[in-house]
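# What the coordinates show
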Protein chains: 2
Amino acid sequence: MARTPEGSLDAPLPVPDAVLKRRNVRHFRPDPLAPGLLDRLVELAVKAPSSWNLQPWRIVVVRDAAQRERLYAACFGQVQVREAPVSFVFAISQGGWRSVMDDVVRAARERGAWEAGYADAMPRLATRAQEALGERLREYNVKDALIAATHLVLSAESMGLGTCFMNGYDEARVKEVVGAGADPDVGVALVLSVGYAERRGRDPGRLPLERVVFAERLDAPWRGAANQRASAP
Amino acid sequence: MARTPEGSLDAPLPVPDAVLKRRNVRHFRPDPLAPGLLDRLVELAVKAPSSWNLQPWRIVVVRDAAQRERLYAACFGQVQVREAPVSFVFAISQGGWRSVMDDVVRAARERGAWEAGYADAMPRLATRAQEALGERLREYNVKDALIAATHLVLSAESMGLGTCFMNGYDEARVKEVVGAGADPDVGVALVLSVGYAERRGRDPGRLPLERVVFAERLDAPWRGAANQRASAP
């Protein structure tokens, strides 16, 4: 199992290497993903955690040429959507948790994953919490979808693929493309293109850590783990 | 470099192994992270991509005992926050992009990462796009913060640590804990505890793929990459 700097399905990269290699790819080769690779990515994406394990994501795998063309238009003509052999629409369902709750609890019971008391109480607790969120439930669903999407991205990078996270799309038009144009239950959290990179952009760099990382409180810029220890309050 | 099922700083796990090993950990050992490990996690978290590379996250590293106690209370008494040697508050800044824009562009230019035309136009394009989002900018910032948090989580898992994603906190109280109680610019996207797992929960399982993954459109349940290919529209 030779490990190359690019990774493969048989010898995927360690997490830090995948993180450091990842760039948003704007140009893809036309080659399709091997079916085994695509199945593996889907499987790893849904291993992500979610609030109450209610899995609010509804992931649409777009490979068909005509569908890709429609999605490309809904993404303001970003060429990576046209070029990539597959794009994932991470849709979310606002009310789907009600219909999956029983199955989620049953699976956890069968696997002995939850203590009996928790499994008994969970539907009531989760229902109360989900309903209390009101409009804020969308943000929670978006968070869960983004964790799953990032699982998929880093998995893809580890196997030698390129990826592109996208916020640039018209949500109503993407909903139409996946057949949910008239459904108020459905939102779109992300569009994500995956394939073999034709070329990768250069790293634009990041802000100095002390601008975005802090020790204990937002008024104390981060100076590194060892330095900070002495000055902790 | 022997690779163990647990991973280490010297031999981090491949991405798929880290994904499959990850469980939300509720009980941590008191051992602190080695400083090198913590620095590495911070470094890998901020390698995450963000809208226009504006890096809206403001990550607060909480290790101090009194601060952890306050954060634990703001997280409704979830014991993992008390037990873990470090918790990360992924705060977000609503208006911080204005003050970092020039530095982001300068760094990208110095690295030759952006074509000159793009670097020239980007501040104007990004400003227009960010301002057009209005209240929705929060959701975009949350998305960027969650990508970064997931980078941190999978990196930590690859190095043998345990992690716990948390939605269960009182946002106003967490803001107070990190010293932003009165600042309307600051939001909280996530609280994340990291340390050495005392024990890991069992996998509660996931819904069957055909409930959450779809082919081309939301009315076509996913049946696997090879099966779907023939029936694509």
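Not measured: the values here are computed from a predicted model.

Turning our attention to the overall build of chain A. A count of helices and strands for chain A gives 10 helices and 7 strands. Reported as C-alpha extents along the three principal axes, the dimensions of chain A are approximately 55 × 50 × 40 Å. Counting every position in chain A, which comprises 233 residues, the buried fraction comes to 58%. For chain A, contacts bridging at least 24 residues in sequence account for 75% of all contacts bridging at least 6. When the accessible area of chain A is evaluated, it comes to approximately 9300 Å², of which 51% is carbon and sulfur surface. Separation of charge centres in chain A, based on 32 positive and 29 negative side chains, amounts to 4 Å.

Between its first and last C-alpha atoms helix α7 (residues 137-158) of chain B spans 32 Å; for 22 residues at 1.5 Å apiece the expected length is 32 Å, and the two agree. Extensive coverage of α7(B) is indicated by the burial of 21 of its 22 residues.

Here we come to the nonpolar core. Counting 115 residues, the largest nonpolar core has A:Phe88, A:Leu192, A:Val194, B:Phe88, B:Leu192 and B:Val194 as the members making the most contacts within it. Non-local contacts of B:Phe88, meaning those with residues more than four positions away in its chain, are made with B:Leu38, B:Val42, B:Ile59, B:Val60, B:Val61, B:Leu152, B:Leu190, B:Val191, B:Leu192 and B:Val194. Core analysis: the next-biggest nonpolar cluster, separate from the first, contains 21 residues, A:Leu218, B:Val81, B:Ala180 and B:Val186 among them.

Here we take up the relation of the copies chain B and chain A. Turning chain B through 180° and shifting it by 0.0 Å along the axis lays it on chain A, with an RMSD of 0.0 Å. These values place the two chain copies in the arrangement generated by a two-fold rotation axis. No C-alpha of chain B lies nearer the rotation axis than that of B:Pro14, which sits 1.8 Å from it. When the interface residues of chain B are mapped onto chain A, 100% of them again lie at the interface, so the same face is used by both copies.

With 6 of its 6 residues buried, strand β2 (residues 57-62) of chain A lies for the most part within the structure. Where burial is concerned, the two faces of β2(A) agree: the one with A:Trp57, A:Ile59 and A:Val61 and the one with A:Arg58, A:Val60 and A:Val62 are both buried. Taken together, the 3 bridges between β2(A) and strand β7 (residues 213-215) of chain B define a ladder with parallel strand orientation. Within β7(B), the position partnered with A:Val60 by the bridge is B:Phe214.

For the rest of this paragraph, the subject is the interface of chain B and chain A. Taken together, the contact between chain B and chain A spans 90 residues of the former and 91 residues of the latter. Both sides of the chain B and chain A interface together cover about 8200 Å² of buried area, and 58% of this is carbon and sulfur. Between the two partners, chain B and chain A, sit 6 salt bridges. As a salt-bridge pair, A:Arg111 and B:Asp203 come within 3.8 Å of each other at their nearest N and O atoms.

With that settled, the discussion passes to the sheet that holds strand β3 (residues 86-93) of chain B. What holds strands together in a sheet is hydrogen bonding between their backbones, with the strands either parallel or antiparallel. Strand order in the open sheet formed by 5 strands is β7(A)-β2(B)-β3(B)-β5(B)-β4(B), and the pairing between neighbours is mixed. Two strands lie at the open edges of the sheet, namely β7 (213-215) of chain A together with β4 (162-166) of chain B, each paired on one side alone. On average, each strand axis in the sheet is inclined to that of its neighbour by 25°, with strand direction left out of account. Direction of pairing for β3(B) relative to strand β5 (residues 186-195) of chain B: antiparallel, over a ladder of 8 bridges. Following the sheet pairing, B:Val86 is matched in β5(B) by B:Val194.

About the criteria used
Residues numbered from 1 in each chain as written. Chains lettered and ligands numbered in written order. Predicted model: local features only at pLDDT ≥ 70, side-chain atom pairs only at ≥ 80, totals over all residues. Heavy atoms only, no water. Helix = DSSP H or I, 4+ residues; strand = E, 2+ residues; numbered from the N terminus. Buried < 20%, exposed > 50% of the residue type's maximum accessible area, 1.4 Å probe, protein only. Contact = heavy atoms within 4.5 Å. Areas by Shrake-Rupley, 256 points an atom, 1.4 Å probe, with all protein chains shown as cover. Lys, Arg positive; Asp, Glu negative; His and termini not counted. Charge placed at Lys NZ, Arg CZ, Asp CG, Glu CD. Expected span 1.5 Å × (residues − 1). Core = buried A, V, L, I, M, F, W, Y, C linked by side-chain atoms within 4.5 Å. Least-squares fit on C-alpha atoms with pLDDT ≥ 70 in both. Pairing = 2+ DSSP bridges. Buried area = accessible area lost by both parts, 1.4 Å probe. Salt bridge = Lys/Arg side-chain N within 4 Å of Asp/Glu carboxyl O. Axes fitted to C-alpha atoms, helices over the stretch in contact; angles between N-to-C directions.

This is a description of form; function is not addressed.
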